[in-house]
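Descriptive analysis of the structure
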Amino acid sequence: MRYQVMTDKDSGGEMVRFFESDDLQEAKAFAMRMAFFNDCRVSVFDEKAGETIRDFDDPKHR
């Protein structure tokens, strides 16, 4: 899977993989809901680019 939703919930501060998808919009929506409802740090990692996504509209993540 290309996009991984990472969280520090229940991991003692270390970011761990929680959800994976090949669809960027699905990963983004999942991360937004998780951050809102669980009040935890969440990020989306792009495996292909090898970096955390900061701008979901950047063409390199498509």
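Let me sum up the structure you'll find in this document. In this text the structure is predicted, and so the values were computed from the model without any measurement.

Reading guide: rules and limits
Residues numbered from 1 in each chain as written. Predicted model: local features only at pLDDT ≥ 70, side-chain atom pairs only at ≥ 80, totals over all residues. Heavy atoms only, no water. Helix = DSSP H or I, 4+ residues; strand = E, 2+ residues; numbered from the N terminus. Rg over C-alpha atoms; globule rule 2.2 N^0.38 Å. Buried < 20%, exposed > 50% of the residue type's maximum accessible area, 1.4 Å probe, protein only. Contact = heavy atoms within 4.5 Å. Lys, Arg positive; Asp, Glu negative; His and termini not counted. Charge placed at Lys NZ, Arg CZ, Asp CG, Glu CD. Pairing = 2+ DSSP bridges. Salt bridge = Lys/Arg side-chain N within 4 Å of Asp/Glu carboxyl O. Phe/Tyr/Trp six-rings, centres within 6.5 Å; stacked < 30°, edge-to-face > 60°.

Re the overall build of the protein chain
Summing up its helical and strand segments, the protein chain has one helix and four strands in all. Reading the protein chain from its N terminus to its C terminus gives the helix and strand order β-β-α-β-β. Relative to the globule expectation of 11 Å for 62 residues, the C-alpha radius of gyration of the protein chain, 11 Å, shows essentially globular dimensions. Dimensions along the principal axes, computed over C-alpha positions, put the protein chain at roughly 30 × 20 × 20 Å. Sorting the 62 residues of the protein chain into buried and exposed places 29% on the buried side. Counting only contacts in the protein chain whose residues sit at least 6 apart along the sequence, the fraction spanning at least 24 positions is 46%. Here the protein chain carries 10 positive and 14 negative side-chain charges, and the mean point of each set is 2 Å from the other.

A look at the sheet that holds strand 1 (residues 3–7)
One open sheet holds the four strands; their spatial order is 2-1-3-4, and the pairing between them is antiparallel. Single-partner strands in this sheet number two, and they are strand 2 (16–21) and strand 4 (51–52).

Brief notes about the environment of Lys-48
Structurally, Lys-48 is set in the loop between strand 3 (42–46) and strand 4. A residue is classified by how much of its surface remains accessible, and Lys-48, at 67% relative accessible area, is exposed. Spatially, the C-alpha atoms of Lys-48 and Asp-23 are 13 Å apart, while their sequence positions differ by 25 residues.

What about the environment of Ala-31?
Mapped onto the elements of the fold, Ala-31 is located in helix 1 (residues 24–38). Since its relative accessible area comes to 7%, Ala-31 is described here as buried.

Section: the pattern of salt bridges
Within this structure, the stated rule accounts for five salt bridges. Asp-57 is paired through a salt bridge with Arg-62; the nearest N and O atoms lie 3.8 Å apart. As far as the burial class goes, Asp-57 and Arg-62 line up, both exposed.

Description of the packing of aromatic side chains
In this structure the tally under the stated criterion is three aromatic pairs. Measuring from centroid to centroid gives 4.1 Å for Phe-19 and Phe-30, while their planes differ by 15°, and the two rings are stacked. Here Phe-19, found in strand 2, pairs with Phe-30, found in helix 1; they are 11 residues apart in sequence, far enough to count as distant. Judged by its relative accessible area of 22%, Phe-30 falls in the partly exposed class.

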